[in-house]
Amino acid sequence: MLPTRTIGDLTVSALGLGCMGMSHAYGTPDNAESLATLNAAVDAGVTLLDTADMYGNGANEEFLAGFLSARRDEVVLATKFGFINDENQRPIGLDGRPERVAGCVDASLRRLGIDVIDLYYLHRVDPQVPVEETVGAMAEQVAAGKVRALGLSEASAEEIRKAAAVHRISALQSEYSIFTRDVEDGPLQAAREVGASLVPFSPLGRGMLTGGRAATVAALQSNDFRTTIPRWQGENLEANLRLVDRIDAIAADLSTEGRTVTAAQVALAWVLAQGHDVVPIPGTTKRKNLADNLGAVDVALSADQLAALTALSAAGSRLPERTLRQRS
């Protein structure tokens with residue numbers, strides 16, 4: 001089984017599973033394989049599953065409901081609210097008004113078919129609403145027994161401290177990987193000050209850090225949002241794939257006759273090595289990728305290897321400018 005870490009008072013596997021891609025953003029879903037992947041994950045000891053109400057405009061929560069009906073007691077379930085989507089599932093704004101929180105909680109509970117949400121995140125802080133007001137309304141849902149623990153996603157250091165003054169914040173979810181290090185400039189330090197664990201999403205660079213030279217826009221479906229990301233375009237992509245070659249080389253150095261270490265395992269091992277309060281949630285819809293990811297817990301990087309990986313700097317922004325302006 002997998003080693004465990006803690007998020008507030010919740011004990012979870014050291015690696016969780018991000019479920020967004022099972023319904024949203026990365027091409028046409030394969031429900032049968034996604035369900036098989038969920039079962040394989042829990043069978044292997046994964047106990048943290050992550051979703052959000054915006055993923056497929058609720059479709060991801062609804063998809064998880066069938067799985068949870070049989071295995072709810074085996075997992076810690078995290079979901080989020082705060083984004084407003086258009087009919088094409090594209091985020092068009094934020095709404096963190098306190099009067100909206102209870103309805104969002106109830107809607108997620110209904111879609112998921114559960115009685116309580118283990119970890120409830122504000123998906124993004126609404127710049128029009130003081131974070132203390134939103135978190136205050138979220139705290140009321142804890143008091144009502146509908147939520148166990150609270151988290152923030154992609155929040156600033158100031159927002160984390162203000163939120164924690166209202167209610168305990170157990171988790172900060174932010175994009176974090178060898179290629180994306182923004183959270184180290186303030187938010188991570190603030191999270192640790194208030195006792196919140198870091199839950200990195202996209203710890204594999206949205207698939208770029210899985211190794212090889214196949215990560216090209218041409219290989220992606222037309223409705224895969226990575227086709228819009230500067231990091232995946234032209235000269236940026238070529239420069240980044242040369243860095244991935246260096247991760248591949250470290251993986252090859254760690255491989256033995258009895259075991260092949262992959263670039264994905266090296267990338268996840270780097271994230272895991274950043275602290276015992278770090279719980280990555282790599283997303284996948286395939287059992288093969290899941291098994292590869294879980295092997296990261298057995299990869300030990302040397303100090304020199306950690307330093308070499310830390311020194312890598314990706315070319316291009318991690319998201320389109322429009323999305324970055326929405327604080328994604």
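The rules behind these values
- Residues numbered from 1 in each chain as written.
- Predicted model: local features only at pLDDT ≥ 70, side-chain atom pairs only at ≥ 80, totals over all residues.
- Heavy atoms only, no water.
- Helix = DSSP H or I, 4+ residues; strand = E, 2+ residues; numbered from the N terminus.
- Buried < 20%, exposed > 50% of the residue type's maximum accessible area, 1.4 Å probe, protein only.
- Salt bridge = Lys/Arg side-chain N within 4 Å of Asp/Glu carboxyl O.

Looking at an unreviewed UniProt entry, one finds the chain named Aldo/keto reductase and attributed to Tsukamurella strandjordii.

(A) Region of interest: the environment of Thr-285. Note that Thr-285 resides in the loop between α8 (263-272) and α9 (287-294). Here Thr-285 falls in the buried class, since its relative accessible area comes to 18%. In the structure, Thr-285 is positioned 158 residues away from Pro-127 in sequence and 33 Å away in space, judged by C-alpha atoms.

(B) Structural detail: unusual backbone geometry. The backbone phi angle of Asn-57 is positive, close to 50 degrees, even though this residue is not glycine. By secondary structure assignment, the location of Asn-57 is in the loop between β4 (48-50) and α2 (59-71). Phi angles above zero are rare outside glycine, and Ser-202 is one such case at about 50 degrees. With respect to the helices and strands, the residue Ser-202 is situated in the loop between β11 (197-201) and α7 (234-254). The exposure class of Ser-202 is buried, given its relative accessible area of 13%.

(C) Up close: the pattern of salt bridges. Counted by the stated rule, this structure contains 17 salt bridges. The salt bridge involving Lys-146 is made with Asp-106; its shortest N-O contact spans 2.8 Å. Pair noted here: Lys-146 is in the loop between α4 (131-143) and β9 (147-153) and Asp-106 is in helix α3 (residues 98-112), with a separation of 40 residues, a long-range link. Its relative accessible area of 27% is what places Lys-146 among the partly exposed residues. The exposure class of Asp-106 is partly exposed, given its relative accessible area of 32%. What emerges from the salt-bridge pattern is a single network uniting Asp-95, Arg-97, Glu-99 and Arg-100.

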